[in-house]
Amino acid sequence: MRQRSKGSAQSKPSSRTETSNSEDTVVLVAKRSKYVILALFVLVAYGTWSVYQHQFLNLPKPLGAEEVGKRGFSEHEAIKHVKALTQLGPHPVGSDALDHALQYVLQATETIKEKAHWEVDVELDLFHAKSGANLMVGGLFKGKTLVYSDLNHVVLRISPKYASEAAENAILVSSHIDTVFSAEGAGDCSSCVAVMLELARGVSQWAHGFKSAVIFLFNTGEEEGLNGAHSFITQHPWSDTVTMAIDLEAMGVGGKSGIFQAGPQPWAIENFALAAKYPSGQIVAQDVFKSGAIKSATDFQVYQEIAGLSGLDFAYADNTAVYHTKNDKLKLLKPGSLQHLGENMLAFLLKVATSAHLPKGKATDSRGKSGQDTAIYFDILGAYMVVFRQRFARMLYNSVILQSILIWTTSLFMGGYSAMVSLALSSLSLILMWICAIGFSLLVAFVLPLVSSSPIPFVSSPWLVVGLFGAPAVLGAFTGQHVGYLILVKYLTKTFSRRNVNLPFVVQDDLAKLDAERWLFKAGLMQWLVLLIMGNFYKIGSSYLALVWLASPAFAYGLLEATLSPARLPKPLKTVTLLIGLSVPFLLSSGIIIHLVATLIGSAVRLERNPGSNPEWLGNVIIAVLIAAIACLTLVYLLSYIHISGAKVPLITVTCFLFGISLTMVRLGVVPPFTEDTARAVNVVHVVDMRGANDKKQEPVSRISLFSTTPGNLIKEVEQIGEGFVCGTDEPLDFVTFSVKYGCWSDKNANIGWHELDIPLIHVENDTKGDNRVTHVSIDTKVSTRWTLGINTDEIEDFQLKGTYKYL
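Residues numbered from 1 in each chain as written. Predicted model: local features only at pLDDT ≥ 70, side-chain atom pairs only at ≥ 80, totals over all residues. Heavy atoms only, no water.

1. Thoughts on the overall build of the chain
Using the following cut-off: Helix and strand assignments come from DSSP, with helices taken as H or I runs of at least 4 residues and strands as E runs of at least 2, each series counted from the N terminus. Two residues form a contact once any of their heavy atoms are found within 4.5 Å. To be clear on the numbers: accessible area is Shrake-Rupley with a 1.4 Å probe, and residue cover counts the displayed protein chains and nothing else.
In terms of regular secondary structure, the chain is built from 19 helices and 20 strands. Within the chain, residue pairs in contact and separated by at least 24 positions form 77% of the contacts whose partners lie at least 6 positions apart. Accessible area of the chain: about 36,600 Å², with a carbon and sulfur share of 58%.

And the structure:
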């Protein structure tokens, strides 16, 4: 603020304080209209949703066979394959339905072979895999040895007829035909198989100009532990020719199929960005997936770890709550989903298969480690994809970090002791903001299981989290920041009273408020600078978000607000500073944030890998902390504008109203936690307990067991079923592919449906103890097609599985 001669005026005052003496009149603006703040919040909400809609919900028009001709991709044709496969019902490994699915895919590929271009060589192989042992270095199956046998795959190789060298330089496109035992698999992964069949049809008309072959692998055994991909890589003769792997997967039903893993070589993602018509992919998803936050695994892990290949991993991720449940149905597959992936993949394959620069050699070592200069990638509104390499990213990040530190150091040096204390107090406001935001949200997380019929009542209606967690998070963030603001104002008032003794106290107070507002804005810059430093140090790919949330607001502040002169009195922050500073960050991150939260909410139905092992409130806590963190990170600049405005009471009122109405709807059951299309997954297992039967004569004990990976007890389900079920933790050894620490069981009518001669038997051939204990075990599986050998690691500290696996 400047002192002006009598009669002068300062523009755009919302309110003013005038002090007159014989020489000067001071005019000071220390208030902002609440309607401006309201308009800003409305703009943020509308803009955020618009970005998300453009980036993730805007799907292309499905095309018919006549529209695309022989060489294009038709969703109408692909959807016929999805219908045929889903009509078979669930088709897990070992089922007759899977045999029918294999035959369907085999017939479809034979038709492709018959109609291929005359200069294209199409080779078809119904591959029967021998027994093998799949040991994963990391990921979901880390520490497990998965033994498999009797797997069948359909393998299709398309190459130019008169270029024999192309067959020795192949691109692998892979997905799986099998489903989990409870789902017909429209999303996971009949949609992927259908896209591959339509892609193969199109590629078979183009391949006469290829320099590389394209291998389409339709495998089985993925749901059993990535065994299909492992058996192909370790046993099939064509696997040695593969130089790049593309995996198609689903963690939901439809929507845009985006890249969530790429590399380690950047060549594939760089060429995808150039070729794709509707590019979709976020390295944020890759960071989240590799962190283990999403309990899943894909065949891409095998291609990287076992084969040392580089490539791309795609996945559908809409409606993740139905993933691996009975609701993975065709009716939930959005029109345009297959067209989106199909057109992207066809354009990509046509580009890379005709390239003479396809990378060769292994991209990773035997442990899956890579020394490659990996890629940072993200799409903008689903229309453009930005790709740059980690080496360039580090140079860019280091440059911004050094410049930021230099500016901060210069500013603090010129501001002196007062500036250092102000920075410390504004940093305190950040800490209080995080504490209150997380604290308010966590309180709701612990209360929800007490007032709701389900610990996670928002699964079928994800928008509920806006009121249940978002509103408390925003209220907490503002409360914490406001407490820090008041402390900062108190200190700055004393500072201005010493520096400007001629100014009235009320003017000094207004000056302190304006300066505090500016320090809170700059504290937001400091927050993102710290995150950028950490992300750069640990080479986190999504650190580019910290860069844009730091650089863009800092540029706007430096352009319109900043001064290094401590003699200049503060003025109110300009609204245009906020608009310019946040436009790029919200454009690049708001859609990703909504998509990420929706994906994690849907994943809450599979939170418990070992049912009963986690408290009921854990899922709520994870979502609450995530949303509180998002509120603190993205609203830190906007919240700094509220403290001198009249929007404090409206903000508190609106957030309390949103929370109250959301909690009331949950409490009264107006919005049910699960619906017909988003049902809770409850597994029913027939358990035959033969513990101790090896050494002495013992009759098998039979019971029916219920368990669920969705948090919450099974009391209501048991009441509806009847049959004398008892729930608790007394039968911890009920499992299919994992242990169950909480479940329900009943022996009523449990003997119906099986014969004693059908029970699998385990026999210890010999058990010798020396330096190492060696136990030879034989299992007569009888009529069972899926079985698990459990080893009690509470009694056996360490073991290795060796020897020969024989299957008759």
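The discussion continues.
2. Quick look at the UniProt feature "transmembrane region" (unreviewed entry) in the chain
For the record, the criterion: UniProt positions are given in the numbering used here, feature names are shortened, and annotations may be inferred rather than shown by experiment.
Taken from the UniProt record, the annotation "transmembrane region" (unreviewed entry) applies to residues 35–52, 395–416, 428–451, 463–489, 576–605, 617–639 and 651–670. Annotated as 100% helix and 0% strand, the span residues 428–451 places its first and last C-alpha atoms 35 Å apart.

3. Some remarks on the environment of Leu 423
For the record, the criterion: Burial classes follow relative accessibility: with a 1.4 Å probe on protein chains only, a residue under 20% of its type's maximum area counts as buried, one over 50% as exposed, and anything between as partly exposed.
The residue Leu 423 is located in helix α11 (residues 390–451) in this model. The exposure class assigned to Leu 423 is buried, which follows from its relative accessible area of 14%. In sequence terms Leu 423 and Trp 519 are 96 residues apart; their C-alpha atoms lie 7.0 Å from each other. The contact partners of Leu 423, leaving out residues within four places of it in the chain, are Trp 408, Leu 412, Trp 519 and Met 526.

4. Regarding unusual backbone geometry
Generally, phi is negative for residues other than glycine and the peptide bonds are trans, each holding for most cases. The residue after Asp 188, namely Cys 189, is reached through a cis peptide bond having omega -5 degrees. Among the structural elements, Cys 189 can be located in helix α5 (residues 186–203). Omega for the bond connecting Gly 263 with Pro 264 falls within 30 degrees of zero, at 10 degrees, which places this linkage in the cis form. Mapped onto the fold, Pro 264 is located in the loop between β11 (257–263) and α7 (267–275). With phi around 55 degrees, Lys 539 is a residue other than glycine that occupies positive phi space. Within the element layout of this structure, Lys 539 appears in the loop between α13 (505–537) and α14 (543–560). Overall, Lys 539 belongs to the exposed group, its relative accessible area being 53%.

5. Describing the nonpolar core
As a reminder, the rule being used: Residues belong to a common nonpolar core when they are buried Ala, Val, Leu, Ile, Met, Phe, Trp, Tyr or Cys residues joined through side-chain atoms within 4.5 Å. Boundaries of every domain are those given by an automatic assignment or by a domain database.
In terms of nonpolar packing, the biggest core is built from 198 residues, with Phe 216, Ile 246, Leu 248, Leu 312, Phe 458, Phe 469 and Tyr 544 touching the most fellow members. Looking at this core element by element, the count peaks at 16 residues for α11. When we break this core down by domain, the ones giving at least three residues each are domain 1 (75–381) and domain 2 (393–668). Residues within four places of Ile 246 in sequence aside, it is in contact with Ile 171, Leu 172, Val 173, Ser 174, Leu 312, Phe 314, Met 345 and Phe 348.

6. A few points about the packing of aromatic side chains
Rules: Aromatic rings from Phe, Tyr and Trp, taking only the six-membered ring of Trp, are treated as a pair when their centres fall within 6.5 Å; an angle between ring planes under 30 degrees marks them as stacked, one over 60 as edge-to-face, and anything in between as tilted. Counting as a charge over the ring demands two things of the Lys NZ or Arg CZ atom: a distance within 6 Å of the ring centre and an angle within 35 degrees of the ring normal.
Summed over all chains, the structure comprises 16 aromatic pairs. Judged by centre distance (5.5 Å) and plane angle (20 degrees), the ring pair of Phe 521 and Tyr 557 falls under stacked. Placement of Phe 521 in helix α13 and of Tyr 557 in helix α14 is noted, with a sequence separation of 36 residues between them. The pair formed by Phe 521 and Tyr 557 is uniform in burial state, with each residue classed as buried. One aromatic cluster in this structure is built from Phe 378, Phe 388, Phe 392 and Tyr 544. A cation sits over an aromatic face here: Arg 71 above Trp 206, 4.4 Å from the ring centre. Sitting over the ring of Trp 519, Lys 522 keeps its end group 3.8 Å from the ring centre.

7. Section: helix α18 (residues 648–668)
The condition is simple: Given the number of residues in a helix, its expected span is that number minus one, multiplied by 1.5 Å. What the arc covers is the set of directions going from the helix axis to the C-beta atoms.
Taking 1.5 Å per residue, 21 residues should reach 30 Å; α18 reaches 30 Å between its end C-alpha atoms and fits that length. Among all positions of α18, only Leu 651, Thr 655, Ser 662 and Val 666 are buried. Viewed end-on, α18 has its buried residues packed into an arc of 40 degrees, placing them on one side of the element. Every exposed residue of α18 that faces more than 90 degrees away from the buried side is listed here: Val 649, Phe 657, Arg 667 and Leu 668. Count one or two residues on from α18 and you reach Gly 669, which has phi positive near 75 degrees.

8. Comments concerning the state of the cysteines
Formally: Here, a disulfide means two cysteine sulfur atoms that sit within 2.5 Å of each other.
Tallying each qualifying case throughout the model produces 2 disulfides. Each sulfur of the disulfide joining Cys 189 and Cys 192 lies 1.8 Å from the other. For the disulfide bridge between Cys 189 and Cys 192, the dihedral angle about the S-S bond is near -45 degrees, and by the sign convention the bridge is left-handed. Within this pair, Cys 189 and its partner Cys 192 are both found in helix α5, separated by 3 residues, close to a single helical turn. Across this residue pair, the class does not change: Cys 189 and Cys 192 are buried.

9. Things to note about empty space enclosed by the protein
To keep it simple, the criterion reads: Every definition here rests on a 1 Å grid over the protein atoms only: cavities are sets of points where a 1.4 Å probe fits but cannot get out, pockets are open sets enclosed by protein on both sides within 12 Å along at least five of seven lines, and lining residues have some atom within 4 Å of a point. Grid points are joined across faces, edges and corners, and a volume is the space filled by probe spheres set on the points. Under the scheme applied, nonpolar residues are Ala, Val, Leu, Ile, Met, Phe, Trp, Tyr, Cys and Pro; charged residues are Asp, Glu, Lys and Arg; polar residues are all the others, including Gly.
As enumerated under the stated definition, the model contains 4 cavities of 30 Å³ or more in all. Here the lining of the largest cavity is built from residues that sort into 13 nonpolar, 6 polar and 2 charged. Here the lining of the largest cavity gathers at least three residues from each of two domains, domain 1 (75–381) and domain 2 (393–668).

10. Digging into the side chain of Asp 328
Here is the rule we go by: When charges are counted, Lys and Arg contribute as positive and Asp and Glu as negative, whereas His and the chain ends are disregarded. Salt bridge, as used here, is a side-chain nitrogen of Lys or Arg placed within 4 Å of a carboxyl oxygen of Asp or Glu.
In this fold, Asp 328 is placed in the loop between β12 (310–316) and α10 (337–353). Within the buried set, Asp 328 has no salt-bridge partner at all; the shortest N-O distance to an opposite charge, 9.5 Å, is to Arg 606. Beyond its immediate sequence surroundings of up to four residues, Asp 328 is in contact with Ala 183, Glu 184, Gly 185, Ala 186, Gly 187, Asp 188, Val 253 and Val 322.

11. Observations regarding the pairing of β12
Successive residues of a regular strand alternate their side chains across the two faces of the sheet. Stated precisely, the cut-off is as follows: Strand pairing is defined by DSSP finding a minimum of two bridges between the two strands.
By the criterion of burial, β12 is predominantly enclosed, with 7 of the 7 residues buried. Across 7 bridges, the pairing between strand β10 (residues 242–250) and β12 is parallel. In the sheet register, Ala 250 faces β12, and the bridge partner there is Tyr 316.

12. Structural notes on the sheet that holds strand β18 (residues 743–746)
Adjacent strands of a sheet pair through backbone hydrogen bonds, lying either parallel or antiparallel. Cut-off, in case you're wondering: Between N-to-C directions, angles cover 0 to 180 degrees, with each direction set by a line fitted to C-alpha atoms, over the stretch in contact for helices.
Across the sheet, 4 strands lie side by side as β15-β16-β18-β17; this open sheet has antiparallel pairing. The sheet is open, and its two borders are formed by β15 (683–689) and β17 (726–728), each paired with just one other strand. Across this sheet, the average inter-strand angle for adjacent strands is 30 degrees, counted without regard to direction. Pairing between β17 and β18: 3 bridges, direction antiparallel. Along β18, the bridge assignment pairs Cys 727 with Cys 744.

13. Notes on helix α4 (residues 96–115)
With 20 residues, α4 extends 29 Å from end C-alpha to end C-alpha; this agrees with the ideal 28 Å at 1.5 Å per step. Of the residues making up α4, those classed as buried are Ala 97, Leu 98, Ala 101, Leu 102, Val 105, Leu 106, Ala 108, Thr 109 and Ile 112. Looking at the buried positions of α4, the neighbouring elements they touch are α3 (75–86), β4 (120–129), β7 (151–160), α5 and β9 (213–219).

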